[in-house]
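Architecture at a glance
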Amino acid sequence: MTAPDLTVVVPTFNEAPNVAELVRQVADALDGVDAEVLFVDDSRDDTPDVIREVAATATIPVRLIHRDEPVGGLSGAVQAGLADSAAPWCVVMDGDLQHPPALIPALLATARAEDADVVVASRYTSDGSAGGLANATRRMVSSVSTSVTRAMFPVRLADCSDPMTGFFAVRREAVDLGRLQPRGFKILLEILARHRLRVAEIPFVFGERFAGESKASFAQGMRFLAQLAALRFGRMSRFAIIGGFGALVNIALVALLTGFGLPYLAAAIVAAEITIVMNFLLQERFVFADLRHEGRSTARRFAGSFAFNNVETAVRMPLLVLLVSSAHIAAVPATAVTLLVAFVARFVFHARVVYRPRSRRVPVDALEDVGVLPDEASSGT
Ligand SMILES: Nc1nc2c(ncn2[C@@H]2O[C@H](COP(=O)(O)OP(=O)(O)OP(=O)(O)O)[C@@H](O)[C@H]2O)c(=O)[nH]1
Ligand SMILES: [Mg+2]
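So, here is what we can say about the structure in this document. (Residues numbered from 1 in each chain as written. Chains lettered and ligands numbered in written order. Predicted model: local features only at pLDDT ≥ 70, side-chain atom pairs only at ≥ 80, totals over all residues.)

Another point: the overall build of the chain. Scanning the chain for helices and strands turns up twelve helices and seven strands. With the C-alpha coordinates aligned to their principal axes, the bounding extent of the chain is approximately 80 × 45 × 40 Å. The buried share among the 381 residues of the chain stands at 38%. Within the chain, contacts between residues separated by at least 24 positions form 76% of all contacts whose residues are at least 6 apart in sequence. (Helix = DSSP H or I, 4+ residues; strand = E, 2+ residues; numbered from the N terminus. Buried ≥ 20, exposed ≤ 12 C-beta atoms within 10 Å, placed from the backbone. Contact = placed C-beta atoms within 7 Å.)

Quick look at the structure:
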């Protein structure tokens, strides 16, 4: 079987009542094009059965990937679809007909005319509209978060007025799928922020849902904020925020324990150990969540992290004394320098040793975050 010219990737979660109509409209729009529809489905209802039924009679090839253990939600589904396609171009669109299939030929024509890597169907360019968003609050959240996001990535999103849309065409070879860290709804933002791509746009009017229920939620909003922080500030900044928070907790604990009458040194040791454990738990959740299952066991990660932090503290203190007493550096800059060196060493040790993936190279993202690879996410270009 030869590869088609186009794969229409449709992520679905409980969209059974929309499947037949969507496939009919896509087939109409792509009459004469060598295209296929690829559903990447995480449903818990009968959507996959409906997709198989529709596939049997459709006038366009329809394929289905059903994920029993979905990772990365909607974005993970799109990533899986792009990975599975053998076509040079993919169009990504929702399964609820809010994205009009009739526009697909215009996306492809624009790609050719403007020699683009990505063509975005934008709700926020002239003649576009986000009217189909369910209510005024969602419209406002969408337009404010779009403005903020564009301000945060002034270069990579320069030519894209709607980085949050789920309707776009992409040249598959232009995207390094291994670089994406899919989570939540905003896969286009993930693609654009992590690559340097030629972007073109066409306006479109976001329609109403044809049938079924919305999966947008407050939790999705939170995932989006985490995604923004990860893209803009990277792993190292989250690591730093947790380290700073840990220092505050450490100080508060020393105050509390000495207040209870514990001698200063004992209080300092207890506070330091509690902080080390707390930092480990926070790191697991917020800094290295994506790498937790790739390498060492939890016990070994904890042992590595715990040992490093204790050795680091044990080495840093005498080093500080040495700097101040022998090298005659003032106490404050000496403390600052040792803390900074310790921070970088701690981050590199955790990224390269504690959370090192088994048998594979270190993920590109970890390298980017320690400044090895340039990326708008960490270089600020
Ligand atoms: N595979 C997969 N698809 C999902 C997941 N969550 C949502 N989707 C699909 O992604 C598309 C967009 O989701 P919607 O619920 O329509 O989100 P929305 O368009 O922002 O919200 P509405 O305006 O209320 O429709 C739909 O085709 C969903 O079925 C998921 O976890 N996995
Ligand atoms: Mg929708």
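Picking up after the structure, the text goes on.
Even without being a glycine, Asn14 presents a positive backbone phi close to 50°. Here the phi dihedral of Leu97 falls at roughly 70°; this positive angle occurs in a residue that is not glycine. Structurally, Leu97 is set in the loop between β4 (89-92) and α4 (104-114).

Turning our eyes to something else, we now look at the nonpolar core. Core analysis: the biggest nonpolar cluster contains 65 residues, and Val8 and Phe168 have the highest contact counts within it. Counting residues per element, this core draws most heavily on helix α6 (residues 187-194), which supplies six residues. Look past the residues within four positions of Val8 in its chain and what remains in contact with it is Val26, Ala35, Val37, Leu38, Val91, Met93 and Ile104. Judged by nonpolar contacts, the second largest core, of eight residues, contains Met236, Phe239, Val354 and Tyr355. (Core = buried A, V, L, I, M, F, W, Y, C linked by C-beta atoms within 7 Å.)

Bringing the site of ligand 1 into the picture now. By nearness alone, 22 residues border ligand 1, and Pro11, Ala77, Gly95, Ser214 and Lys215 come closest of all. Contributing elements (two or more residues each) for the shell around ligand 1: β1 (6-12), β2 (35-41) and α3 (73-84). When residues in the shell around ligand 1 are grouped by element, the largest group, three residues, is from α3. Along the lines of polarity and charge, the residues of the shell around ligand 1 split into nine nonpolar, six polar and seven charged. (Near = placed C-beta within 6 Å. Nonpolar A, V, L, I, M, F, W, Y, C, P; charged D, E, K, R; others polar.)

Another point: the packing of helix α7 (residues 218-259) against helix α8 (residues 264-286). Packing of α7 against α8 brings their axes to within 8 Å, and their N-to-C directions diverge by 150°. On the basis of their axis angle, the class for α7 and α8 is roughly antiparallel. The two elements α7 and α8 meet at a crossing, and its hand is right-handed. Within the contact of α7 with α8, the residues separate by chemical class into 16 nonpolar, seven polar and one charged. (Axes fitted to C-alpha atoms, helices over the stretch in contact; angles between N-to-C directions. Parallel < 35°, antiparallel > 145°, perpendicular 65-115°, else oblique. Left-handed = near helix turned anticlockwise from the far one by under 90°.)

The subject of this paragraph is the environment of Phe245. Within the secondary structure, Phe245 sits in helix α7. In this structure the C-alpha to C-alpha distance between Phe245 and Asn279, which are 34 residues apart in sequence, comes to 8.6 Å.

Extensive coverage of β1 is indicated by the burial of seven of its seven residues. Neither face of β1 is left uncovered, since the one carrying Leu6, Val8, Val10 and Thr12 and the one carrying Thr7, Val9 and Pro11 both have all their residues buried. Across seven bridges, β1 lies against β2 in parallel orientation. Residue Thr7 lies in a different strand from β2, and its bridge partner there is Glu36. A crossover connection joins β1 to the parallel β2 through helix α1 (residues 16-29); in handedness this β-α-β unit is right-handed. Examined bridge by bridge, β1 and β4 share four bridges and lie parallel to one another. Pairing of Val9 across the sheet is with Val92, part of β4. (Pairing = 2+ DSSP bridges. Right-handed = clockwise from strand over helix to strand, strands pointing away.)

Shape is all these values report; function is a separate question.
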